[in-house]
Each structure stands twice: as structure tokens, then as C-alpha cells.
Amino acid sequence: MKYSAFSIFTNALSGHKNWQPAWRNPDPKPAYDIIIVGGGGHGLATAYYLAKEFELKNIAVLEKGWLGSGNIGRNTTIIRSNYMLPGNNPFYELSMKLWEGLEQDFNFNAMVSQRGVLNLYHTDPQRDAFARRGNAMRIDGVDAELLDRDAVREMYPHFDYDNARFPIRGGLLQRRGGTVRHDAVAWGYARGSDMRGVDIIQNCEVKSIRTEQGRVVGVETSRGFIVCKKLGLAAAGHSSEVAAMAGIKLPIESHVLQAFVSEGLKPFIDGVVTFGAGHFYVSQSDKGGLVFGGDLDGYNSYARRGNLPMVEHVVEAGVAMIPALSRIRLLRSWGGVMDMSMDGSPIIDKTSVQGIYLNAGWCYGGFKATPASGFCFAHLIAKDEPQHTATAYRLDRFRRGYMLDEKGQGATPNLH
Amino acid sequence: MLIPCPHCGIRPVEEFTFLGDAKPQRPQSNDPATMDQWFDYVYLRDNPRGLFDEYVHHSGGCRSWMVVTRNTETHEIKACVPARDYKKKQS
Amino acid sequence: MSGFRLPNGGLIDRNQPISFTFDGKKYYGFKGDTLASALIANGIHLMGRSFKYHRPRGVITAGAAEPNALVELRSGGRKEANTRATMVELYEGLEANSQNRWPSLNFDVGATNSLGAAFFVAGFYYKTFMWPKSFWEKVYEPIIRKVAGLGTASKEADPDNYEKAYAHCDLLVIGSGPAGLMAALAGARGGARVIMADEQFTLGGSLLFEREEIDGKGGLDWAQRVIAELAVMPNVTLMPRTTVFGWYDGNVFGAVERVNDHVAVPPVHEPRQRYWRIFAKKAVLAAGAEERPLVFGGNDVPGVMTASAMRHYANRFGVAAGENPVVFTNNAYAKRTVGKVLDVSERKIVNVTGGKRVTGIELDDHSHVACDAVAMSGGWSPIVNLMCHRGAKPQWSEKITAFVPPNVGEAFVSVGAANGSMLLSEALREGAVAGTLKGKAPNIPSCHDETFVITPFWHVKESMGKAFVDYQNDSTAKDLPLAAREGYEDVELAKRYTTTGMATDQGKLGNVNAIALLAEATGKSMAEVGTTTFRPFYTPVSFGAFAGHSRGHHFQPVRKTPLHEWAEEQGAVFVETGLWMRSSWFPREGEDWLAAATREVLATRNSVGLCDVTTLGKIDIQGEDAGAFLDKLYCNTFSTLAVGKARYGLMLREDGIVMDDGTTSRLAENHFLMTTTTANAAKIMSHIEFCHQALWPDIDVTYASVTEQWAQLAIAGPKARATLNKIIDGAALDDMNTPYLAAREITILDGIEARLFRISFSGEHAYELAVPADNGNTVARALMHAGAEFGITPYGLEALSIMRIEKGHVAGAELNGTTTAGDLGLGKMMSTKKDYIGRMMATREGLHDANRQCVVGIRPVDVKDKLHSGSHLLKRGDAPSMTNDQGYITSVAWSPMLNMWLGLALLSNGRARYGQVVKVFDGLRNIHMFAEICDPMHFDTKNERLHV
């Protein structure tokens, strides 16, 4: 059933009793050609593109909880393609282009809103680093602008320009960056996959992976054993656990990232802004709440919650950037499990086990990558070849010395 | 979170910095044949959900490096010992 | 006073009238009123408009769970949007305005949304607003954003101060009702350090408004005696106006104290609010329970409120919510409210008439009853939030038809209504037991128990008007079954799809009702449906409270070098480098930074210059194994360094990438002094501590950071030695006693101890002189005096930068965390004879790939062109693309020595390309030019000036 203003109108007349479920709730079949582990943004997007782009059938997504209960259900919703390394930005730009056509593509309003992402800088070295990044974007035809202080002030007059410890000197702006309604992404991909025959099995936890002679045979789950020819792992913060079931050890540590929302307000900030003198970034949702966050707490965690010191750091940085925030109130805080990789960049690759494919290591930047991750992972699974924008995301890059390290922090996951 | 520093007593988490898994041991040999061990040491991690031994630095206190045994799911801390003692025990 | 104020009673002080304004009109209340009680007393029941439908709304509660009566309080930089009128303590001159309405609260154009209600069901926006494609950004979204949100925040800076504090206690009691008071009393009498916190401005909890009997006297009377006893005990801290908002690891609690929210302007030197981190050995949750609304048609018309709210207004504030109220309830407890009682088992309300104020109710027998207020009660929900903040879920209790707290261990327990114990005697007993940490529990006072009987009943199916579940977000009884129908069955999905529980009240009133409706729609039990996740903050906390004093200039500390005073005297312009303020240039009359830096470079290279280099990290390393230890840390060798010499060292990370560089000197057999870059000083210190304590704990070495203990000056130029010779004690410096790379301990100016290093970042014959920090300014002035005859010139970071770039020395821009020693042209420094950090990983093939970008020099082909850091490089004939990208410019400088812009760059296979012309790409600054690749050492290529 197609979603449209007209369908709302006709359904209103019948008291909204005739809406079809957005997705079925099937029992798992005994066997599938392809099983995706993880019903989050990436897993669902992968299933969608496998079905739509590569026209494959007999696919299941296994989700241990409720659909979209992972990081897709609780992130700060930012999309951007302002990475600087050649192995990275073409991938994120692919994602950006997919975002731009997504709603029409999967007939669900994900509220893709490109109101700009502005990264503030406060020192000359920061400006130079942003110039390097901005030019890396421009050289490939991606939009980027380097703004001076006056231009930033015109966009955001209520930031602190006169009383700041680290005065704002300018910023790097990507106008096509912005936000997307995260829940809608999960739901849109879920509905779109289900519509094309993918079985989304909720409350189905993978307990072990069965392999024979170096090849995957199937998965033991809380809802029984399921045979598969190909197994795609998209378990984000729980990747190490799932990969270990196949005897694979990963260059990943799971960390907690806190994020927050304020009470709903009339328009206060138009685009996405990141502070350059402390860990803080903010945007305003279409419901009016300021959605913001900062850095990792710093310790390995699967708890999905953090502690007060980071709350203070984030808020201090926020008030340093926008003094008027002081009177606004934090409404809710939450935390997710981030799969922090050893170079800050993701892994989309085959593994040492035949038939098992890995999509992991997204750190805290997985949301913006959702469409491209799904697309490229589907490509890899369908064709056994990496999509051309994802060729650098090899698992063996660490062994061979081809790290993709945007931040230059090396093999220390919590610094990425 | 409160960490029981063996030198300073129970101190709040903001006084500490975290480095990650303390279990991997730095290989002793520079023989190229041991590259796999070195790669393991630098890059591969168990990343357990549950009990975990991690390097913690009391950077805002006595400047000791310690190993904390903590449950990564509940954040409950079981033990905190100086890193040198942990390493001695390992070998 | 208007007719809603009762003639007597209430805890207000009728001798202290207070004037305030609401929506521009002036009214009067009394001290002890909240804004809400004062408004009702003045006959004002319409206080706000709901989010989606802009329905006229009044208060539902008398406390923190209030979803409707949100106002904008104060004005200017103190304006606070979304403030619950029920929690505002009335003060003289209070200014409040209603929100989310235009043009006025009474006549709100937004109310026309109600007409479209049939279309604006849950999730409607996901199904539309997609066509035409461009309209989302240009039309739909701007409109949606404009009508979104509730209140308007001020964009001015907040003038008030905030404090942060820590507190430690043996017992933290959260809530000061009967259970909390007993717990605090028990703990305090046993000698424990007790903190009792309550979000209200008066302690006493439910005893403030319920007519109870305890110990043969009135409940409030009993409470006041207990509070009086606690108030004089030295081991007790009473904290009214303090909300405990979160429970964290280690039994740490976050709280915010509203120190001065009840006055117009905080007294000078007092904070508006204080944020507390409370470390409690044991905590007791005595927060009580929240009364639930019933879900029936028109349950949101102003004048409909919870039964306990009605009693609260009457008994605590002396305000009648109406003249002839009706009580609609599924439990016996609510029947203590004054009014005509309707039990759900007998009769049900299907609709409430009256738009802006209740005028009557329609019942399921089609009769109509006139009334002007409705007190509703759907049962009680223990306020479990805090106990669920660390991941545990509450349990469903059939007995009281509510979710009760989980068992989270001995350190945090619940008592009384918060524990699901609905009887007063239970509250008193549980509080006493939980609060007794030592010795015997105090005697439990006698009391009269009101029995608690409840019929599980959630919503009136026959409702005619809209029946609200989440008041603020306007989700109705129809939305939950719709969500289930569409597949959003899980409680978390239903929450997100319908936005039930996502407003500023976080579902305090509505969540359990929503769960019940979802259970009904899916055929599951309440326990099976379960609750959504409870998370901080129990009630919203201001940004200001978490920021404390770290605002404006105090956001981070300022680090000044010991030479700051001298630099200021010299007219330095300081620039932030991390937390440091570094002197960057010393402008003379009419000079901009470039003119000043150019002059400083010329003066230094032609004669002598003086620069503050204190900020570079200095680490003192001593011990028998100090040399061996340095061999582990650096990729080159230091154990072979002679005493009295300095050596440039390169430190790698264990992954083989360059981490830092510096000059380390050997002052004695077992005594070294390491320097690091400014940016990495702290990181290297931690690294050293780690390597010793975790990797090689048995070696004999100790170390200390001495960055701040020594003031350090660079004296550079042909006249540097001559200048120094005028201040050093003893023999004049020459090439014998102080050759290039010497490191000596000397004295200067008649006995001031100092360290002298003949090292050079500028490429000139240069020294660095370290003196104990307190002598810094004196020595700097003495050097200026000594060098006056040579025209000695202070130079800053800009000039230093120019000189090092002229000489091709790498610095932070090149040590970017991804470059190897080989990339930097320093591959030969990597020893093959010893183990060191990074040695093995550095051998990986990718780190030796021929296409790697390595450091080269770069100059514009046209000397009139300017170079910019961050520009990228392409082969001459190539079109711009990421695949054609060859590298980028890392550092640039205007060279006074070569009279042109020049710099350093990272270029693919760069060392094989000297002489090649490349295209400079800079789309950001619209630059089109060509440049030539060359050796990084642009000037004095044979390093002759070092030995002048």
C-alpha cells in the first residue's frame, strides 16, 4: 500500500482502520539463501538493496530485539559527506546521494533535511586542517565552503563571539549536510524490504554460528536453527560477540557514546553545528528539541548508558559555544554501543570463513553511512566483490598497513 | 562510577583515563616471523561483554597505571591493582 | 480575591500578598502559592495549548509531572521556556507568559489543527510531505519547524551564576513524605550522615495536602515535628528545592538545587542553581507514587485534573478547583476528594463539555451532569524512575495495578508508595527499617490507614470526544491500536510511532495508560508489554547547572608561561595554543602580524632574536636504566649519547606511525632531559608512565614532568653567542666548551642555575637557555639588555614558524598522526639493532608503499603567487578528482630570506619529483596556480649558519 496524502485522506474517512502493517511478523523459515544478522539501520538497508537493487530472494534479517532497537533508534541523526581521505569520502558521498533520493525510493518520509553542517574552527592549525578537508571534498565535486568569522556570525549571531575562551575564527560548511529522522529510516527500509519479500524476524537472537570445513552452514537462534548459504554480520556494537561465534577476532572495541535532547523549543538553531574547542555538536529536530552530544565516555561498555563527567564536558562546551543554552533544559540522555575500530573507519569485507561477510567498525558515524553501507554490503554479498567506493574497507588493511585514519590517532579505539 | 585506587582510595571516574584491554602481552621478539603476534597485540581484541581487564591511568591523582577488572555490561568494578602487579601475575 | 480562594486553610501566608503578571495582566497571590495555585485562585484555568492540536489546557497535576501548564518565565537573558507553572514558587514581580499560541491563549489560530485531527493521526507525517520532491525542504519542513516546539528560548546570554558541588553521605533519602521522614530520622538518630532531598520547596511530601492522622495528631503536625528535630542535628542536611535527577554507577546521584529560582534576581555572589554529585553509601527512594488519569472523552478540558491534584490545591494552597466537582475513579482512595463520586464500575464519563472550562459531563447512560471540575483517578504509579536508570526494569504488580521498582541491591531501596506500599503504616515502617543503618529502628508511630482497593480500568471505550493518553504530545486512545495495527507492536516502537511519552513530562502520567491500551490492542498482558526505558533526567535540568562556572572566559583554564610578563612588556600578541597563551608576534607601530614576523625573522637571522619556548614539554628522566629506557621509547639510540650532548629523537607509536619528536639531552650518566612538542607533552608523559609501569616495571628509572618548572628561551642568530657571553658566569662560550648539540649545566648572572643547549630550530647558530621558572622574567630582561647593542629582537611563534619552514624542519602539521619516519624523510633514524616501540609494525608493506605521501618543499612558479596550507596538488595535466589527488600543502610561510611564499607539502612519491611542476587545487579559495616541488630545505642548504 503506497503512502501518500491521498491515502491518508481515504483512510481518515474509514477511521484509519484499514492501514496495512508496515511489515509482516513472520516465523523464520528453516533455510534462507542470505541471512543478515542485525535489524538495525545497516542490516535493514542491506536487505532492502539486496532485494531491490540486486533482485535477490529468500532473504531474512534476524534481530535479537525489536526492529531498530540498536543505535538506529537513538542517534543524533546527522548526515554529511565531509570526510577527507580518498578511501572514505567517495563512500560517504554515495551515501549522501542515496539520502537525497531515499524518500521517493522507499516511499516513506524520512525527513531528509539538508540544512547544512558547519564545523567551527578557533585556531590557524584547525583552519588549515579544515582547508585540507574542504579541498579534499571539492576536488571530487562535493560541496564545501570555508567561512570566516563574519560569515559564521551572520548565520548564527547568538553564538559567543565576544566573551569566548576560544573565539570562533570561522568554519567549514557543507550545505548539503543535515539531519534525517532516524526511526523513519529503520521503518522505511524495513517496510521496503518486507514489501519485496524479505522476512524480518524480530526477537530472534543468534546464539552460535555453525561452520563446516571453513564454510558457513547456518545459525543457531533463540527461535531455532536456520540454514543459510550466505551470512552477513551487521551487528554494530555487538560485532565482536557475533564474529567470535565464527572464531573471528576483530580490531574493534565497544564503547558508550552518550547523546541528549532538550525540551522542545521554537526554532533556535537552523543547521548542524560542531564546536571546535570542545566536544559538542548540536542540531534541532523538527519537533523542536535540541539534539546534541560530544565525546565517548572513554571506557569499554555494553551498558548503553554513561556517567556524569561526560555530561558536564558536553554541556560546558555547549554553553561555551552558545551562552543562551544555559537557560534551556536537558530533557533526556541515552547511550549506545559504538563499534570503535582501530583506525576510526569501517570494515565491509569478506572474512576468513567462506560465506560470512562482515559490516562493522562504524564508530559513532554509522548513521550517515546507512544507505551506502547497505548498498555496498549488499553489493559485496551479491557479487562477492566490493562496490567501488568501499574498496578500502578491507579487514586486512590493518595487517598490511593501509589504515584509514582521519583523526590520526592510531590503534587506540577510544580516541577516534 | 567510582574506582578504588590502591594508593588514593575510592576516587570518581573523572580522575582517570582509560586505555583498553590489559590482557594482550607485548611480544618479546623482533624476529619478522613473529609479526602475527605483534599484529594480534596491537590490533585484535576480545572486546568481551562481561568481565574485562582494562588499563586505567589515575591521571588526575597519583599517576599510577592500574588494571581494573570491570563488568562492561553492568559497570560493576571487581578489582583494581597496579599494572606492574598485574603484569607480574601474567608472566 | 476572586471566588476560587477558600476563606481559610492552606499553607500559604495570607499576610504576604504577592503580585505577578500572566500574559501581561496583573494578579495577586500569596507567599506559599505556586504560579498554578495562584492562577486558579484568580479564576484562570486556561494556562496553555497542546503541541499538535493546540487544545486549550489547564493543570492536570499540582507537581512535577505537569504536562500542560507550561509557561515562559521571566524575560531577557533569564527567560525560561517550558516551565511548569505547578513547580514555580510565586515571588513578587513574577512575569509569566503562556506558550505555543498565536495570537493569544484565548484565541489561538493553531486550534484549527483540531479540525484536521482525523488526518493528523499518529505517524501521518511519515506517509506524506514527500511530493513534489523539492517541497519538503522549501515548504513543508520550514512550516513544521516553525510550529514545532513549545516555548521560545532566549538567544541572549544568561546573566546568572551556577555552582557545582560534591556531597558525601551514609544515607541519601529521596523524598520527605512519611516514609522519607522516618528513614531520615532512623538514620540520623543512629549517627549516620544523612541527606534528605525533596523537589518541593516545603518538606513533608503528601502530608502537605493529605489529611492523615499520625501519632494521634495531624499528619502535617507530625511531619513538622520530625523536620524540626532533623533540622538541628549536625549530621543531617536538609535539601528542599532539590531534585535528584539521576542514578549513576557507583551509587552516585546527580541532583540540582534551585537555590534562587524563587526570587526575581539571585543575590549577588549567590548562584541561581547548584548541581550536586552525591556519593551515598545507601540511598532510599521515598518519592511516592504518581496518580494516573483515566482515559475518556474530553479528559483534557481545563478543570479536569487528578483527584490528588484537586486535594492538593484545596488543602495546601487553599484553592478550590471548582464549586461543584465530580470525582471519577476506579479506586477507593480518590473518594476522599470533595465532590460527587462516580465509580467506574457504576457509571462512566464518555465526554466532558465546555471548551476552555468544564461545564458538565456526559455519561454512558446518555445523561448529562452539570459540573465545573472533574477529579479523575485511574490508580497510582510508584515513581520508580531513579531505580531504573541503570538498566533494570520495573515489575508489574497485579495487587496494586501498577509497575513497582525492581530489586537493584542493598545500596538503593524503595519505601512507601514508591515501593508500591499504599498504606501509611507501611510507609512509616518501611522508611524506619530502610533508614536504620546502626542499632535499633525508631518506634513506628501509630496512624490511621486508608485501605487501597482498585478496579483495573483504563479507558472508556464508549468515549465520544478525544480521549488523551499523552497530554503534551496529543496522543489519544485511538493512536495506540493504530500503531499496533501497522506493526509497531513493541512498546518501544509504539512509543516512537505515536510519540507517547516523548514530551517534556516523559510520560509520567500517560505511559502506563499507553501500555494498557497497547496490551488490549495486542492481546498481551501488562507484564508482557512492559515499560519503555527509564533514563535521566527525572525532570529537565538546565544547561547552566551542568556548566557551572565553566562559562565564557572560564570555559577552560588559561596557561601562561613564566615569561608571560616579559612578553607582555614587549608588546606581544598572544594566541591560544591548546590551553597556553603563546607569544606569537611582537608588533611595532603600524605592523600587522606578517610585517612583525618578517621583521623578527630578519632581525634574528641577521643579528640575534629571543623567543619563549617554555611550552615545549620537558621531562626529567633519571636512573641506571634511563638510557636503556629511552632506547625503548625512541626509534633512534640514546644510550650511546655522550654526557653533555643533545640529540634529536623521533618517537613512534606501537603501530609504527610517528608520535612525537624532540631533543633529549644527557646531563649525567643516569640523568636525561627529554623535550616533546607543546601539543603532545601530556600525552608523552602518560606514555612514559605506561611504558615503565605496564611494560617494563622492573627497570630502574624515575621521571617527572618539569615543563612548568623551567622557563626556556631560544637565543638565535649570528650574535647569539656574543649576547649570551655577557650573562653567563665563568668561561665564555666557544666551539670547544659548547659545540653544536652541547647540553650543559651552568650558572648565569652570578649564580642563577641554568641549563644551556646548543640546538636550533631556526637553522641559525642558536641556543636554548633554561632557568628555574621564577627567574624567567629577570633573565629575559637581562638578555634583552645584554643584546641591546646587537639590536636583539623578541620573536614569536609566527617568526619561529617561518624560520623552521625555510629550513624544512617538520612540525605538527607534518606529524599529523598518519605519517611515518620515512614519510618525513627521517627513515634512517630507525634503528635495526634494538627493540623499540613501533619497530615491528613499522615494517608493514603499506607503510613503505612507493605511492605514500612524503614531505617535500614547495614553491610557487610565479613568485608573486601566495601559497595556502590545505591546498591540494595535482599532476600538471590532470583534472581534479580524488583519484588524481597527489597530496596537499601542510605548512606555508612568507620567506623574508627568499622573498617569496614557500612551504612544505605531503606529496605522493614526493622525493622522486624534485623539479616537477604541479597544479595547485584550491576550490575553497578559488585559487589557480602552479608550484614547483623541491627539497624541503629552502634556505642555507648546507646548514652553514648553524656553525657561524
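Whatever comes next refers back to the structure up there.
Residues numbered from 1 in each chain as written. Chains lettered and ligands numbered in written order. Predicted model: local features only at pLDDT ≥ 70, side-chain atom pairs only at ≥ 80, totals over all residues. Heavy atoms only, no water.

Trainee: Help me out: how do you make sense of the overall build of chain C in this one?
Mentor: The helix and strand inventory of chain C stands at 18 helices and 50 strands. Here the C-alpha atoms of chain C give a radius of gyration of 37 Å, more than 25% beyond the 30 Å that 2.2 N^0.38 yields for 948 residues. Contacts spanning at least 24 positions in sequence make up 67% of the contacts within chain C whose residues lie at least 6 apart. Of the roughly 33,800 Å² of accessible surface on chain C, 53% is carried by carbon and sulfur atoms. Charged side chains in chain C number 98 positive and 104 negative. The centres of these two groups are separated by 3 Å. (Helix = DSSP H or I, 4+ residues; strand = E, 2+ residues; numbered from the N terminus. Rg over C-alpha atoms; globule rule 2.2 N^0.38 Å. Contact = heavy atoms within 4.5 Å. Areas by Shrake-Rupley, 256 points an atom, 1.4 Å probe, with all protein chains shown as cover. Lys, Arg positive; Asp, Glu negative; His and termini not counted. Charge placed at Lys NZ, Arg CZ, Asp CG, Glu CD.)

Trainee: Would you mind going over the interface of chain A and chain B with me for this structure?
Mentor: Buried accessible area, meaning the area lost when the parts come together, often serves as the stated size of an interface. Between chain A and chain B, the residue contacts involve 25 residues of the former and 25 residues of the latter. Of the roughly 2,300 Å² buried where chain A meets chain B, counting both sides, 53% is carbon and sulfur surface. Considering only the surface of chain A that becomes buried against chain B, K249, Y302 and R399 of chain A emerge as the three largest contributors, covering 27% of it. Where chain A touches chain B, the interface holds five salt bridges. The salt bridge partner of K249 of chain A is D40 of chain B, with a shortest N-O separation of 3.6 Å. At the junction of chain A with chain B, the criterion picks out 12 residue pairs in polar contact (both at pLDDT 80 or more). Broken down by secondary-structure element, the contributors of at least two residues to the side of chain A that touches chain B are α7 (239-244), β12 (252-264), β15 (289-300) and α10 (397-400) of chain A. The class makeup of the residues in the side of chain A that touches chain B is 11 nonpolar, nine polar and five charged. (Buried area = accessible area lost by both parts, 1.4 Å probe. Salt bridge = Lys/Arg side-chain N within 4 Å of Asp/Glu carboxyl O. Polar contact = N/O pair within 3.5 Å; in protein donor to acceptor, adjacent residues only side chain to side chain. Nonpolar A, V, L, I, M, F, W, Y, C, P; charged D, E, K, R; others polar.)

Trainee: Before we go on, may I ask you to explain the sheet that holds strand β33 (residues 580-585) of chain C in this structure?
Mentor: Strand pairing in a sheet is mediated by backbone hydrogen bonds. Such pairs are either parallel or antiparallel. Residues and elements named next belong to chain C. Taken together, the three strands give an open sheet; going across it, the order is β31-β33-β32, and neighbouring strands pair in mixed fashion. A strand with exactly one partner marks an edge of an open sheet, and here the two such strands are β31 (559-560) and β32 (573-577). Direction of pairing for β31 relative to β33: parallel, over a ladder of two bridges. Bridge assignment links K560 to a residue of β33, and that residue is M581. Across the sheet, helix α18 (residues 797-806) lies against β32 and β33, angled at about 70° from β33, the strand it touches most. (Pairing = 2+ DSSP bridges. Axes fitted to C-alpha atoms, helices over the stretch in contact; angles between N-to-C directions.)

Trainee: In this structure, what is going on with the environment of V810 of chain C? I would like to understand it.
Mentor: Residues and elements named next belong to chain C. Tracing the backbone shows V810 in the loop between α18 and β45 (853-860). Residue classification places V810 among the buried positions, given a relative accessible area of 9%. When the C-alpha atoms of V810 and E462 are compared, they prove to be 79 Å apart, with 348 residues separating the residues in sequence. Once residues lying within four places of it in the same chain are set aside, the contact partners of V810 are Y648, D661, F761, R804, L815, L824 and V855. (Buried < 20%, exposed > 50% of the residue type's maximum accessible area, 1.4 Å probe, protein only.)

Trainee: Any chance you could explain the sheet that holds strand β6 (residues 77-82) of chain B here in plain terms?
Mentor: All names here are of chain B. Pairing is antiparallel across the open sheet formed by four strands, whose spatial order is β3-β4-β5-β6. Across the chains shown, the open sheet's two edge strands, defined by having one partner strand only, are β3 (17-21) and β6. The average angle at which neighbouring strand axes cross in this sheet is 30°, direction not considered. Bridge count between strand β5 (residues 65-71) and β6: five bridges; the pairing is antiparallel. Paired with V67 across the strands is V81, a residue of β6. Lying over the sheet, helix α2 (residues 83-90) contacts β4 (51-57), β5 and β6, oriented at roughly 95° with respect to β6.

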